[in-house]
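Spelled out from the first residue to the last, the chains are:
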Amino acid sequence: MTLMEIFFKALIIWVGILVLAILNGFLRESVLIPTFGIPAALVLSGLGLSALIIVVAYLSLPWLQTTSNIELFLVGLSWLALTIFFEFSFGLLQGKSWFELLEAYTFKDGNLWPVVLTVTTFSPYIAAKLRGWLL
């Protein structure tokens, strides 16, 4: 399989992750925040999304057909780049300031977004380890 085919499949998988992230955001805003308050909701949402990303990576890994550490890391980096590009593009289209956008990259009020991004980057590798594909 060529690197281009891997990246195309990685893009399709990332779109699935994006859908789950949006649903996670709706759940956070409509259920978790009213029930638990902002700090606890942000922690639960961040941990939940991180777990979902690892599950998606685990389930999609056989279809992705890659076990090379380099390819796994490149897939994770592509997911990270797509996520950051989406976040900033969508935020700017909503009229948010750069300050507001960058605030998401802090741990303010229990926000785990930096952890989610780290998990996103390493989730293909983590999934391969969980499958026993890597030593």
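Refer to the structure above for everything that follows.
Residues numbered from 1 in each chain as written. Predicted model: local features only at pLDDT ≥ 70, side-chain atom pairs only at ≥ 80, totals over all residues. Heavy atoms only, no water.

Undergrad: Tell me about the pattern of salt bridges, and please be specific about residues and values.
TA: Following the criterion strictly, the structure yields 2 salt bridges and no others. Residue R28 is joined to E29 by a salt bridge in which the shortest nitrogen-to-oxygen separation is 3.2 Å. With a closest N to O distance of 3.0 Å, K108 and E103 form a salt bridge. Exposure remark for K108: the relative accessible area of 44% places this residue in the partly exposed category. (Salt bridge = Lys/Arg side-chain N within 4 Å of Asp/Glu carboxyl O. Buried < 20%, exposed > 50% of the residue type's maximum accessible area, 1.4 Å probe, protein only.)

Undergrad: Explain the environment of V56 to me, using residue names and the numbers behind them.
TA: You can see V56 is positioned in helix α2 (residues 38–64). You can call V56 buried: its relative accessible area is 18%. As a C-alpha pair, V56 and D109 span 53 residues in sequence and 27 Å in three-dimensional space. (Helix = DSSP H or I, 4+ residues; strand = E, 2+ residues; numbered from the N terminus.)

Undergrad: Describe in detail the packing of aromatic side chains, supporting the description with residues and values.
TA: This model, assessed by the stated rule, comprises 5 aromatic pairs. Relative to F90, the ring of F86 lies with its centre 5.5 Å away and its plane at 5°, an arrangement referred to as stacked. Taken together, the residues span about one helical turn, with F86 and F90 both in helix α3 (residues 69–93) at a distance of 4 residues. For F86, a relative accessible area of 26% puts it in the partly exposed group. Residue classification places F90 among the partly exposed positions, given a relative accessible area of 43%. (Phe/Tyr/Trp six-rings, centres within 6.5 Å; stacked < 30°, edge-to-face > 60°.)

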